[in-house]
Amino acid sequence: GSLKATGTITVGSANFAESEIVGQVYAGALQAAGMTVTFKDAVGARQVTMPMMEKGDIDLMPEFTYSLLAYLDAKAEPSSDVDTVVAELTKALPASLNIRKASDVSDVNVFVVTPATAKKHDLASISDLAKVSGTLTLGGPPECPKNAACIPGLEKVYGLRFEIK
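Since this is a predicted model, take the numbers as computed values, not measurements.

**Here's the deal with the overall build of the protein chain**
At step 1: Within the protein chain one finds six helices and two strands.
At step 2: Taken from the N to the C terminus, the helices and strands of the protein chain come in the order β-α-β-α-α-α-α-α.
At step 3: When its C-alpha atoms are laid out on the principal axes, the protein chain stretches across 55 × 35 × 30 Å.
At step 4: Looking at the protein chain as a whole, 29% of its 165 residues qualify as buried.
At step 5: Taking the contacts inside the protein chain whose residues are at least 6 apart along the sequence as the reference set, 52% of them involve residues at least 24 apart.

**Quick look at the side chain of Ser 19**
At step 1: Mapped onto the elements, Ser 19 comes out in helix α1 (residues 17-32).
At step 2: What makes Ser 19 buried here is its relative accessible area of 1%.
At step 3: In this structure the side chain of Ser 19 is engaged in a polar contact, spanning 2.7 Å, whose partner is the backbone nitrogen of Ala 14.
At step 4: Apart from residues no more than four positions distant in its own chain, Ser 19 is found in contact with Ser 13, Ala 14 and Pro 62.

**Side note on the environment of Thr 36**
At step 1: Tracing the sequence through the fold places Thr 36 in strand β2 (residues 36-40).
At step 2: Between the alpha carbons of Thr 36 and Thr 10 there is a distance of 8.6 Å; along the sequence they are 26 residues apart.
At step 3: When neighbours within four sequence positions are excluded, Thr 36 is seen to be in contact with Gly 7, Thr 8 and Ile 9.

**A closer look at the confidence of the model for the protein chain**
At step 1: The predicted model of the protein chain averages 89 in pLDDT, with 99% of residues at 70 or higher.
At step 2: Confidence, expressed as mean pLDDT per element, reaches its minimum in the protein chain at helix α6 (residues 151-158) with 87 and its maximum at strand β1 (residues 8-12) with 97.

**Looking at the packing of helix α2 (residues 46-55) against helix α3 (residues 65-72)**
For any two helices packed against each other, the geometry is given by the interaxial angle and the distance between the axes.
At step 1: Relative to each other, α2 and α3 sit at 90°, their axes nearing to 12 Å. As the angle between them shows, α2 and α3 are arranged roughly perpendicular. Across from Arg 46, Gln 47 and Met 50 in α2, the residues of α3 making contact are Ser 67, Leu 68, Tyr 71 and Leu 72.
At step 2: Residues that form the contact of α2 with α3 fall into these classes: four nonpolar, two polar and one charged.

Conventions adopted
- Residues numbered from 1 in each chain as written.
- Predicted model: local features only at pLDDT ≥ 70, side-chain atom pairs only at ≥ 80, totals over all residues.
- Heavy atoms only, no water.
- Helix = DSSP H or I, 4+ residues; strand = E, 2+ residues; numbered from the N terminus.
- Buried < 20%, exposed > 50% of the residue type's maximum accessible area, 1.4 Å probe, protein only.
- Contact = heavy atoms within 4.5 Å.
- Polar contact = N/O pair within 3.5 Å; in protein donor to acceptor, adjacent residues only side chain to side chain.
- pLDDT = per-residue confidence, 0-100.
- Axes fitted to C-alpha atoms, helices over the stretch in contact; angles between N-to-C directions.
- Parallel < 35°, antiparallel > 145°, perpendicular 65-115°, else oblique.
- Nonpolar A, V, L, I, M, F, W, Y, C, P; charged D, E, K, R; others polar.

Right, here's the structure in full:
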């Protein structure tokens, strides 16, 4: 497009594919607009990236609104309304940080099983996993055991239990 920008910026990403891809898109767009961009990819989980953002080691980083809110406020309630989540996230962010406009696209967590596993256990939905809870292995990112959209949410909403390894 016609966007023009000057200056230097450091764009970072967390240690999972979606964050790295979106971070690269942001970095590329800013570079195309004329900025000098340093890209720090796969920096780590929020326990690493948030302090880097607060110290100014990273200027811009893609985030997931509710996941970040849940990290900052363990009592935050999930909501499918982006404006509600953004308003709560804005309040929860450290004073040195701010959130930009949320993207119009959506990224949601999904849980999948192989067709053979679905057939064997008659699985068609997440709630069906309750009847085999504790017999299957859940694979997920490092923050899954504490992320409200992962294991804690599955336990709270569906009563599923997972051994954490």
